[in-house]
Amino acid sequence: MWLNQLFPGNPPAGNGHLATDNCIDVAVIGAGAFGRNHARVYHQLAQQGEAVNLAAVVDTDVARADAIAREYGTRAFGSVEQLIGTRREIQAASIAVPTVHHLEVARTLMEVGVDVLIEKPLAASLAEADELIRLAGQLGRVGQTGHLERFNPAVCATLPLITRPMFFEVHRLSVFTPRSLDVDVVLDLMIHDLDVVLAFTNSQVKEIRAVGLPILSGKVDIANVRLEFESGCVANFTASRVSTERVRKLRFFQPEQYISLDYGRQDVLVFSVGRGPGFTGTPSVNPQIKVAKAAITAEEPLHAELKSFLDCVRRRSRPLVSLEDGRRALAVALDIVAAIGEHGRKVRLDQLGAH
Ligand SMILES: NC(=O)c1ccc[n+]([C@@H]2O[C@H](COP(=O)([O-])OP(=O)(O)OC[C@H]3O[C@@H](n4cnc5c(N)ncnc54)[C@H](O)[C@@H]3O)[C@@H](O)[C@H]2O)c1
């Protein structure tokens, strides 16, 4: 859907400028572990001929902003207000500050006409997510949520293969790093897969079963979740940030097919039961399993994500991963966090930890 259908009157792009074929001036807000990747990729895109200019890097830790700005030949600012005060004409921004600050930063930018790509999880609460959606709608801003796996070429190649998925098995395991410890593993890692499975199933969640444990941080570091959808599909998710290995796999079954997707290797294997035309025998006798590898051109998901965001800014179109999608994944993730808490209370996990 086109945004100008959503917002009659065809709202102008950022700061009153039409960002048609013009070069888009972007800012990266938050120059931490992930924000620096946004800065790197915008810089790469510009070098590859994309009509984009990394015009500013903003961080309350000015030394951080400065280091990255210097690396990519741009300007550093200590706050969004300072950036706006200089009247630099920014049309779009990536927001990669801690999740609790997404709303305040996005609001300030949207109010002066800047389109926003907000990192995942979209917000710290559903009320904040709703406010972001309301603001973007009212102000006619393009708002995208940073669920970058949706731009993973393996995920894009799988989407057209979907018929009726009935059973998912998903693993996202990481080695421990002292990062993103302000949120638990569900909002940190599992939310990527929740967003992908929600997009693949296109069905409402009916039931949640969940268990999770804090291991190294004070929050849940490892979780296993079973979701049942209205469609009858069941999805099992395991997410860990205390693993000894890195795994990012999503496998699912649909009638006569098994599909195995590796996010990291960016490959997709499709196993199909081919019985041939006119087959009338017993399905279980001598099934012919055909294995095919989906044709994929490798690309860094963040590269594809930012290119797509810039395209939406230029065309005033709705992003592939909208703010509503970000809210949908957040709602399920928060329900899972609550289910984990409930399970922990039921089995008196706090008392087990005391021994
Ligand atoms: N898409 C992904 O795969 C992915 C991966 C990692 C992190 N993230 C998300 O990106 C966001 C940032 O995570 P991170 O790991 O880079 O965090 P981080 O703590 O490493 O960096 C955050 C930076 O934001 C700065 N900051 C805080 N408040 C600010 C404000 N009001 N204005 C400007 N700067 C401010 C901090 O000084 C810090 O440098 C989080 O929402 C996180 O969930 C997404």
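Predicted model only: the values in this text are computed from it and were never measured.

Examining the sheet that holds strand E1 (residues 24–29)
The sheet built from 6 strands is open, its strands ordered E3-E2-E1-E4-E5-E6 with parallel pairing. Each edge of the open sheet is held by one strand with a lone partner, namely strand E3 (75–77) and strand E6 (143–146). The mean angle between the axes of side-by-side strands here comes to 25°, regardless of whether they run parallel or antiparallel. By the bridge criterion, 3 bridges tie strand E2 (residues 52–58) to E3 in an arrangement that is parallel. Paired with Val-57 across the bridge in E3 is Ala-76.

Remarks on a nonpolar patch on the surface
The grouping of Leu-213, Ile-215, Leu-216 and Ile-222 at the surface amounts to a nonpolar patch, some 330 Å² of accessible area in total. Within the secondary structure, Leu-213 is located in strand E8 (residues 205–213).

Points about the site of the ligand
Phe-34, Asp-59, Arg-64, Glu-119 and Lys-120 are the nearest of the 26 residues found near the ligand. A distance of 2.9 Å separates a nitrogen atom of the ligand from a polar atom in the side chain of Glu-119. Between an oxygen atom of the ligand and a side-chain N or O atom of His-192, the distance comes to 3.4 Å. For the ligand, the protein covers 82% of the area, taking 850 Å² as the surface of the free molecule. Here the shell around the ligand takes 3 residues from helix H5 (residues 102–111), the largest share from any one element. Residues that form the shell around the ligand fall into these classes: 9 nonpolar, 10 polar and 7 charged. Looking at the shell around the ligand, you find at least three residues from each of domain 1 (3–141) and domain 2 (150–298 + 333–345).

Overview of the pairing of strand E14 (residues 288–293)
Counting buried positions along E14 yields 0 of 6 residues, so the element is predominantly exposed. Summarising the sheet, strand E13 (residues 267–274) and E14 pair through 6 bridges and their orientation is antiparallel. Within the sheet, the bridge partner assigned to Val-270 lies in E14 and is Ala-292.

A word on the pattern of salt bridges
With the rule as written, the count across this model stands at 24 salt bridges. The closest approach of N and O atoms between Asp-115 and Arg-141, which form a salt bridge, is 3.0 Å. In this pair, Asp-115 is assigned in strand E5 (residues 115–119) and Arg-141 in the loop between helix H6 (126–139) and E6, connecting sequence segments 26 residues apart. Taken as a pair, Asp-115 and Arg-141 share a single burial class, namely buried. Across the pair Arg-241 and Asp-221 runs a salt bridge, and its minimum N-O distance is 2.8 Å.

Notes on unusual backbone geometry
Looking along the chain, the bond that leaves Lys-120 and enters Pro-121 is cis, with omega of -15°. We note that Gln-266 has phi near 55°; this positive angle belongs to a residue other than glycine. Structurally, the position occupied by Gln-266 is in the loop between strand E12 (257–262) and E13.

What about the packing of H5 against H6?
Interaxial distance between H5 and H6 falls to 10 Å at its minimum, and their mutual angle equals 5°. When the axis of H5 is compared with that of H6, the two are roughly parallel. Taking contact as the criterion, the partners of Leu-103, Ala-106, Arg-107, Met-110 and Glu-111 in H5 are, on H6, Glu-128, Glu-131, Leu-132, Leu-135, Ala-136 and Leu-139. For the contact of H5 with H6, a count of residues per class yields 7 nonpolar, no polar and 4 charged.

Some remarks on the confidence of the model for the protein chain
Summarising the model, the protein chain shows a mean pLDDT of 90, and 88% of its residues fall at 70 or more. Within the model, the stretch residues 1–20 combines pLDDT values under 50 with 48 contacts to residues more than four positions away or in other chains.

Notes on the nonpolar core
With 68 residues, the main nonpolar core has Ile-29, Leu-250 and Ile-336 as its most contacted residues. With 11 residues, helix H8 (residues 185–201) is the largest single contributor of residues to this core. Two domains each put at least three residues into this core: domain 1 (3–141) and domain 2 (150–298 + 333–345). Among all residues touching Ile-336, those that are not within four sequence positions of it are Val-186, Met-190, Leu-194, Ile-208, Ala-210, Val-225 and Leu-227. Listed in part, the 25 residues of the second largest apolar core include Val-28, Ala-39, Leu-54 and Leu-117.

A closer look at the sheet that holds strand E11 (residues 247–254)
Strand order in the open sheet formed by 8 strands is E8-E9-E10-E7-E11-E12-E13-E14, with mixed pairing between adjacent strands. Across the chains shown, the open sheet's two edge strands, defined by having one partner strand only, are E8 and E14. Within this sheet the neighbouring strands show an average axis-to-axis angle of 10°, counted without direction. Lying over the sheet, H8 contacts strand E7 (167–175), E8, strand E9 (222–229), strand E10 (234–243) and E11, oriented at roughly 155° with respect to E10. The strands that helix H10 (residues 323–346) touches are E8 and E9; relative to E8, the one it contacts most, it runs at about 55°.

Thresholds, definitions, all that
Residues numbered from 1 in each chain as written. Predicted model: local features only at pLDDT ≥ 70, side-chain atom pairs only at ≥ 80, totals over all residues. Heavy atoms only, no water. Pairing = 2+ DSSP bridges. Helix = DSSP H or I, 4+ residues; strand = E, 2+ residues; numbered from the N terminus. Axes fitted to C-alpha atoms, helices over the stretch in contact; angles between N-to-C directions. Patch = residues over 30% accessible without salt bridge, like charges linked within 9 Å, V, L, I, M, F, W, Y side chains within 5 Å. Areas by Shrake-Rupley, 256 points an atom, 1.4 Å probe, with all protein chains shown as cover. Salt bridge = Lys/Arg side-chain N within 4 Å of Asp/Glu carboxyl O. Near = heavy atom within 4 Å. Polar contact = N/O pair within 3.5 Å; in protein donor to acceptor, adjacent residues only side chain to side chain. Nonpolar A, V, L, I, M, F, W, Y, C, P; charged D, E, K, R; others polar. Domains from an automatic or database assignment. Buried < 20%, exposed > 50% of the residue type's maximum accessible area, 1.4 Å probe, protein only. Parallel < 35°, antiparallel > 145°, perpendicular 65-115°, else oblique. Contact = heavy atoms within 4.5 Å. pLDDT = per-residue confidence, 0-100. Core = buried A, V, L, I, M, F, W, Y, C linked by side-chain atoms within 4.5 Å.

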